[in-house]
Amino acid sequence: MNSDLKLIYILPNLFTAASAFLGVISIFAAVRAEYDVAIIYIVFSLICDGLDGRVARLTKTTSKFGVEFDSLADIIAFGVAPAVLFYYSIGQSFGRLGSLVAALFVVFGAIRLARFNVTSQNTEPNVFIGLPIPSAAITAAFWIGVYQHYAIFRGFESVILVLMLVLSVLMVSNVRFPSFKKISFERANFLRLLISLLLVFSLLYLYPLESACALISVYIFYGIIRGFWARFFAKNIKLKAKNEIKND
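Residues numbered from 1 in each chain as written. Predicted model: local features only at pLDDT ≥ 70, side-chain atom pairs only at ≥ 80, totals over all residues. Heavy atoms only, no water.

Focus: the environment of valine 175
Looking at the element boundaries, valine 175 is found in the loop between helix 6 (157–171) and strand 2 (176–178). Sequence separation between valine 175 and arginine 226 is 51 residues, and the spatial gap between their C-alpha atoms is 8.2 Å. Residues within four places of valine 175 in sequence aside, it is in contact with Phe128, Ile129, Gly130, Leu170, Gly223 and Ile224. (Helix = DSSP H or I, 4+ residues; strand = E, 2+ residues; numbered from the N terminus. Contact = heavy atoms within 4.5 Å.)

A short note on the pattern of salt bridges
One pass over the full model with this rule turns up 1 salt bridge. Across the salt bridge formed by arginine 32 and glutamate 34, the nearest N and O atoms sit 3.1 Å from each other. Glutamate 34 gets classed as partly exposed once you look at its relative accessible area, which sits at 33%. (Salt bridge = Lys/Arg side-chain N within 4 Å of Asp/Glu carboxyl O. Buried < 20%, exposed > 50% of the residue type's maximum accessible area, 1.4 Å probe, protein only.)

Comments concerning the confidence of the model for the protein chain
Taken residue by residue, the protein chain gives an average pLDDT of 84. The fraction at 70 or more is 83%. In this model, residues 237–241 is a region of pLDDT below 50 whose contacts with residues beyond four sequence positions or in other chains number 1 contact. (pLDDT = per-residue confidence, 0-100.)

Brief notes about the UniProt feature "transmembrane region" (unreviewed entry) in the protein chain
UniProt's feature table lists "transmembrane region" (unreviewed entry) at residues 7–29, 35–51, 72–90, 96–114, 126–146, 158–177, 189–208 and 214–234, given in the numbering used throughout. The distance from the first to the last C-alpha atom of residues 72–90 is 26 Å, and the span holds 95% helix and 0% strand. In residues 96–114, helix accounts for 100% and strand for 0%; the two terminal C-alpha atoms are 27 Å from one another. (UniProt positions renumbered as here; feature names shortened; annotations may be inferred.)

Notes on the nonpolar core
Grouped together as the largest cluster of nonpolar side chains are 47 residues, with contacts concentrated most on Leu85, Phe86, Leu131 and Phe142. Among the secondary structure elements, those contributing two or more residues to this core are helix 1 (2–31), helix 2 (35–58), helix 3 (64–89), helix 4 (96–119), helix 5 (133–149), helix 6 and helix 8 (208–247). Among the elements that take part in this core, helix 5 stands out by supplying 11 residues, more than any other. Beyond its immediate stretch of four places on either side in the chain, leucine 131 contacts Arg112, Ala136, Leu167, Leu170, Met171, Phe177, Tyr219 and Ile220. (Core = buried A, V, L, I, M, F, W, Y, C linked by side-chain atoms within 4.5 Å.)

Considerations on the packing of helix 2 against helix 5
In contact at an axis separation of 10 Å, helix 2 and helix 5 are set at 155° when each is read in the N-to-C sense. Accordingly, the angle class assigned to the pair helix 2 and helix 5 is roughly antiparallel. The handedness of the crossing between helix 2 and helix 5 comes out as left-handed. On helix 5, the residues touching Tyr35, Asp36, Ile39, Ile42, Val43, Leu46 and Asp49 of helix 2 are Pro134, Ile138, Ala141, Phe142, Gly145, Gln148 and His149. Of the residues in the contact of helix 2 with helix 5, the class split is 9 nonpolar, 3 polar and 2 charged. (Axes fitted to C-alpha atoms, helices over the stretch in contact; angles between N-to-C directions. Parallel < 35°, antiparallel > 145°, perpendicular 65-115°, else oblique. Left-handed = near helix turned anticlockwise from the far one by under 90°. Nonpolar A, V, L, I, M, F, W, Y, C, P; charged D, E, K, R; others polar.)

Let's talk about unusual backbone geometry
In this structure, alanine 33 is a non-glycine residue whose phi angle is positive, near 70°. Note that alanine 33 resides in the loop between helix 1 and helix 2. Here alanine 33 falls in the partly exposed class, since its relative accessible area comes to 45%.

Overview of a nonpolar patch on the surface
A surface patch of nonpolar side chains, amounting to about 470 Å² of accessible area, comprises Tyr150, Ile152, Phe153, Phe156 and Val159. For tyrosine 150, the position within the fold is in the loop between helix 5 and helix 6. (Patch = residues over 30% accessible without salt bridge, like charges linked within 9 Å, V, L, I, M, F, W, Y side chains within 5 Å. Areas by Shrake-Rupley, 256 points an atom, 1.4 Å probe, with all protein chains shown as cover.)

Comments concerning the packing of aromatic side chains
Under the criterion given, the structure shown has 4 aromatic pairs. Taking the centre distance of 6.5 Å and the plane angle of 85° together, the rings of tyrosine 150 and phenylalanine 153 count as edge-to-face. Taking the relative accessible area as the measure of exposure, tyrosine 150 reaches 33% and is therefore partly exposed. You can call phenylalanine 153 partly exposed: its relative accessible area is 36%. Centre to centre, the rings of phenylalanine 177 and tyrosine 219 are 5.8 Å apart; their planes meet at 35°, and the pair counts as tilted. With a gap of 42 residues between them, phenylalanine 177 in strand 2 and tyrosine 219 in helix 8 connect regions that are remote in the sequence. The exposure classification of phenylalanine 177 matches that of tyrosine 219, with both residues buried. (Phe/Tyr/Trp six-rings, centres within 6.5 Å; stacked < 30°, edge-to-face > 60°.)

Dropping the structure here:
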């Protein structure tokens, strides 16, 4: 009985270990200029990272060790791996500036993880404060993948450089991004949800890289636009409403 319990506690940590392992293999692939392979390993690492937390919650084996281990694995798989991928595919042509942007991605990702671990109990369950590091990593990987596959983007290396810097800043920002962890499928319109998922999976089947890149990019820009709206326009609307009430 005790051995069975120990095995259950090991299971989620195995997924975390697999995520870190795949991140390291992705780094090796990027160094060998096998950029598509490196991106695939980051995607698999993301899947393992998503499974470890869910398995821990389902089996009720969440532990402080698991939380700390998950953060260390994330900094390898979603911090160092995409930074190395960026540097060897694009960043090294910018010299020290490319090295700086790659390093900032890792450092800001580590700050994002530390802040999440400290504040996760006090934040809204429906949003992430700051861009999660797995989202930043997969976005960077897909952007680099699209750049590698389409010659039309040659000459836009500086744009990718700036976008990497933007992702780094978003991780440590206060911009709120939607969290899909608390979605209630019971309240959702079943038919509409089914049709939407079928359309998404069809696009992913036909154009996996392009569709995935478009979806994650929409998520990123939605968070940015939502943040600007809340910061400037919504605030001004509330102030105008208060002034009108006072004048009445």
